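# Structural overview for review
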Amino acid sequence: MKRININKDFILFFGLPVFLILIYFINPSQLFVTGNETSFIAIFISCLTFEFFIRKAKSGENFYMRPIPAMQAMEEAVGRATEMGSSVLFVPGISGLDEIDTISGVIILGHVAGMVAEYEADLHVPCCVPIVMEAAKESCKEAYLKKGRPDLYNDSKIHYVTDDQFAYAAGVNGIMLREKPAAVFYQGKFYAESLLLAETGSSVGAIQIAGTGSSSQIPFFVTACDYVLIGEEFYAASAYLSGSPEMIGSIKGQDYVKLLCIIFIGLVVLLSFFNFVNITQLDISSFFKINIIN
Amino acid sequence: MINFLIKLGSIDRKIIFLLIALSVLIPLLYPNLIELPIKVDKNTEIVFNSISELKSGDKVLLSFAYGASTKPEVHPMAIALLKHLFAKDIKVFIVSLWPESPIMANQAIKEIVDTKLFNLTEGIDYALFDYKTGGFIVIKGIAENFREVYKQDHNGTLIEDLVIMNNVYSVSDFNFVFDFSAGVPGNAEWVQYACDPKKIPLSSGCTSIMVTDAIPYVESGQLRGILAGMPGAAEYEKMVYDFLVEELNTNSNLNNDSLLTKGKAFSRMSAQSVAHLLMVIFIILGNLSYYFSRKKN
Amino acid sequence: MFIKRQLAIVVMISMGFLALAGQFINSESLREFTDKDAPQWYMIIAGFTAFLGCLNLLQLHTTNVIRKQKNWQYSIFTLLGFLLMIFFGFIYNGSPADLGPHLKNEYSAFYWMYNYVYLPLSSTMFALLAFFVASASYRAFRIRNFEATLLLISGVLLMLGRVPIGALIPWWTVIVIYISILFALFASKIKNKKVFFFSYLGVNIFIIVLGFFLNWNINSPDFLSIPLIQEWIMAVPATAGSRAIMIGIALGVVAQSFRIITGRERSILGD
Amino acid sequence: MSYNFEIIGVWLLVVMTLSILSYLYGDNPFYKAAEHIFVGVSAGYIFAITWWDQVWPNLFGRLFPSYVKAGFEFDTLYIIPLILGLFMLLRLIPSLSWLARISIGYIVGMAAGLKIYVFVNSNILMQIKNSGINFDESIWNILNQFLVLIGVISGLVYFFFSKEHKGVIGKISKIGIYFLMIKFGASFGFAVMGRISLLIGRFEDLINYSSEQFYFATPIIFIIMIVFLFVWSTQNDNKEKMN
């Protein structure tokens, strides 16, 4: 069985890509836009790497994944909330479903809802954007169903507060002060109101686990919360928690693309050195012909 | 002594809040209590120089992207920049990317007109355009075709009848773009969607929280310097104030009988300094008590 | 039951490929769609869903009031505030402008509510951050381990460097800061407290006296002025950190988007 | 008549501002009231703005251009967002609520497709391009650029998931986390400035509204609130002692 497998992989990961790149560069009848070749190659290579490692993981190979403290703490936090008989508060960020941060936040909500169903704690999800509320209800209902506890799902606990950033922060602060949750999750896209929430959470004595891709808010979460998923860790969290081979494979692919980025940075530095001692006269920016609008 | 320090380490939040409130309130009530020298940051200098390089008759696009809650930090920059541009007889075009920005822009222009420093007529020296929803789409639209995004100015006069608008069709027809940002859309979107691809000089004044994210753009030259938060505003205000004092009698665009006033950011800096110092003292106290309490047990 | 589950996933995958291909395929209408129409469509769908949001809000607070749950009296405030804004937004205009643009007209009742109720509440909540920044830094900036010490040092230096007071800090205090950071690093290595303390004092005095010889007190070099140190921290380590995080986040987004487009991440659609 | 609307407005503004600030004292009736008013008013405000600025001009402006006159001509394509929007509303009917998944699927797919392109260009390729070292600068600047290079590479190594952070990789990722911590401290220190200026803005408002022209709004309201809070908190303490 192994031999055929290699042929299939060979065609899939060598034949097809080379063929596609050839078509792209021949550009029959001006099918493709000119000018963003570098972006095309970059996206093509990264997608290829992801796909390669997803298939490798699916074919049974398991990869080592370093433990991330914030993810291990999620289970403990939900357990603590059950022991103390208080609730778990999940804040899915304040931006809409057109942001990848919010989508990742709702996916993590699905996993946390699964844990809450197991521990029979109660989950409270105040939402800032109505669409996110609908998506959150969808993924929580599914998580409770998968754990075989659809009876525990309480639809009124996933509700809309308001669309405004600071009114939402005021509303959630009020919920925290009066409900005194033992575990608070901040997973999604946050702006200036992150510290308002995190400081109130810490004054109520809750375990706080934050995760966001908004780089300007990570410092506030780092100072005010107990655990933080920093940038890329936040996006990888949904794959980590699902544990399925495909997802773990894609993170492995992500690491290799990161290795490629490091190599390219090294190349650019080497190139700029050669330019300086004028062994080469390559103009780096022409190589990175990037125009976002063409 | 030791356990006094330890007790200091666990100050109740409310006392910290009270001290912060006083440290801001007192300098505001008695502004000339503390007079501190202003040291100009290199990024502010780059902004001042790139504006000074502009020639009279040049066209500058100002993008207002902040609201009332971030006005204390960004509004003084807008006032100082408008004074600097009008003193050099530069044509100013103002677009608004946040719902509250048109109100900010009107207040800024009104404040400039009230100083009677310049004799300005709308439609010839400056033009204002209404808020358009869509964030980066508007910036992309301006980059490609200004006239497709804005059919008329904020009073409703058509583009064709505005003298200032002739041969202005896209961002490439401006000599400089300056963005007052407090979030998204802000200077990053102007870099990504307009000024980088179209190679138009761009600079920005923004709230200090946004500076750390904009620094990579400043370092790589995509942003010509940056006015960073209130200190940036105070430094730029001081440079423009000195520039105007020098130019008062020589420059034709300035009517020299009007009075020159110092900006707001300058007087608010003392409140900032006291509050910052107080915070550093809290941190030191916190660490001292943390050190001794750890030593004790 | 293919329709119920898989149709949404098929729509998600095809839309993902369409949006990505739209950047490379040379077709004006596709480009027009991905640049202009797609975001507009999102806002329209979000606009419709706002109905669900407001219904949910009304339902939540009316049940609070009817069932007299805890703090039910305050839910009346929410209902009143909401209905008043809807009344001023859609029914009573109060300004010469016609319905729609009246929201931004200074004489409409809607704008009055915005100016005297919504705005002060919003900017005061924002201003609360000034207090929380103080309490958070007081609680978190503790020398627990080396990383926390770096957080503290760069935080404090930035705070001082940004305000005029920072420029007044004399050169010899900066020397003391440098030496104490150095000694904080090696504190765990030197066991005997006495040796540690005297060597710390000795090095301080020696460097400061040396400084007078090199007449640093007249023109102190760059590395002894807090504002310039702050500028260096912003320009070098902070830029490196920002760039690393920016590339990391971008990779995370690309990987997550790939998982969504290839239909591997389906739990958002409840699968 | 409009004269005292402004005065009423100013008094309301001061009451709202002080009620939110009372949160610093702790959860109290003033903050609860202000919070609930804020939630209600902002929900209504955003709903009206969304309708009049988004749905009415962009959708109905394109479906009924003659009636709405928002400057768009008729565009049949805009029936699709209308349908997708109605699908979302069908969430209210349990049996048809699965149709909303199609709209969510559309939004999530579109977001994923668009974001890949923007993030690869501006955040990856642009940053790699800018990490080149410019050698014809002073030694000190070249040293700094090398330091930035080390920081970027070690920062990226910290984000490695599939390698155990031991040995060489462990050391490099340790350096990486040091750079990240300096960045977090710097961003925090930088933000303090902005936050204080917000408070300055609010206090300036309160100071302006304590003048005679506004019938000393701030001092009067401030004293009333202090008295009420004092009475309320003593009542609260005895209630706690009782149960």
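Residues numbered from 1 in each chain as written. Chains lettered and ligands numbered in written order. Predicted model: local features only at pLDDT ≥ 70, side-chain atom pairs only at ≥ 80, totals over all residues. Heavy atoms only, no water.

### Let's talk about the sheet that holds strand β3 (residues 126-131) of chain B
Residue and element names in this part refer to chain B. Sheet architecture is open: six strands sit in the order β3-β2-β1-β4-β5-β6, paired in parallel fashion. The open sheet has two free edges, formed respectively by β3 and β6 (226-228), since each of these has just one partner strand. Neighbour-to-neighbour, the strand axes of this sheet turn through a mean angle of 15 degrees, independent of strand direction. Where strand β1 (residues 59-65) lies against strand β2 (residues 91-96), six bridges are found, and the strand directions are parallel. By the bridge assignment for β2, phenylalanine 64 is matched with serine 96. In the packing of helix α8 (residues 187-198) onto the sheet, the strands contacted are β1, β4 (176-181), β5 (202-206) and β6, and the crossing angle to β5 comes to about 165 degrees. (Pairing = 2+ DSSP bridges. Helix = DSSP H or I, 4+ residues; strand = E, 2+ residues; numbered from the N terminus. Axes fitted to C-alpha atoms, helices over the stretch in contact; angles between N-to-C directions. Contact = heavy atoms within 4.5 Å.)

### Observations regarding the domain arrangement of chain D
You can read the domains of chain D as domain 1 (1-74 + 217-243), domain 2 (76-130) and domain 3 (135-208). Summarising the inter-unit geometry, the C-alpha centres of domain 1 of chain D and domain 3 of chain D are found 38 Å apart. (Domains from an automatic or database assignment.)

### Things to note about the domain arrangement of chain A
All names here are of chain A. Assigned domains within chain A: domain 1 (6-62 + 245-288) and domain 2 (69-242). Put simply, the middle of domain 1 and the middle of domain 2, counted by C-alpha atoms, are 35 Å apart. Of the roughly 440 Å² buried where domain 1 meets domain 2, counting both sides, 63% is carbon and sulfur surface. Counting the surface domain 1 buries against domain 2, the share from its top three residues, Met247, Ile251 and Gln254, is 74%. Counting every contact that joins domain 1 to domain 2 gives one salt bridge. A salt bridge links lysine 258 to glutamate 232; the nearest nitrogen and oxygen atoms lie 2.9 Å apart. Inspection of the region where domain 1 meets domain 2 yields two residue pairs in polar contact (both at pLDDT 80 or more). Class assignment for the residues of the side of domain 1 that touches domain 2 results in three nonpolar, one polar and one charged. (Buried area = accessible area lost by both parts, 1.4 Å probe. Salt bridge = Lys/Arg side-chain N within 4 Å of Asp/Glu carboxyl O. Polar contact = N/O pair within 3.5 Å; in protein donor to acceptor, adjacent residues only side chain to side chain. Nonpolar A, V, L, I, M, F, W, Y, C, P; charged D, E, K, R; others polar.)

### Side note on the interface of chain B and chain A
You'll often see interface size given as the accessible area lost when the parts meet. At the interface, 10 residues of chain B touch eight residues of chain A. Both sides of the chain B and chain A interface together cover about 770 Å² of buried area, and 66% of this is carbon and sulfur. On the chain B side of the interface with chain A, the three residues burying the most area are B:Arg13, B:Ile209 and B:Asp213, jointly 46% of the side's total. Where chain B packs against chain A, one counts one salt bridge. The partner of A:Glu199 in a salt bridge is B:Arg13, with the nearest N and O atoms 3.4 Å apart. Linking chain B with chain A are one residue pair in polar contact (both at pLDDT 80 or more). Those elements that place two or more of their residues in the side of chain B that touches chain A are α6 (136-144), α8 and α9 (208-219) of chain B. For the side of chain B that touches chain A, the per-class residue count stands at five nonpolar, one polar and four charged.

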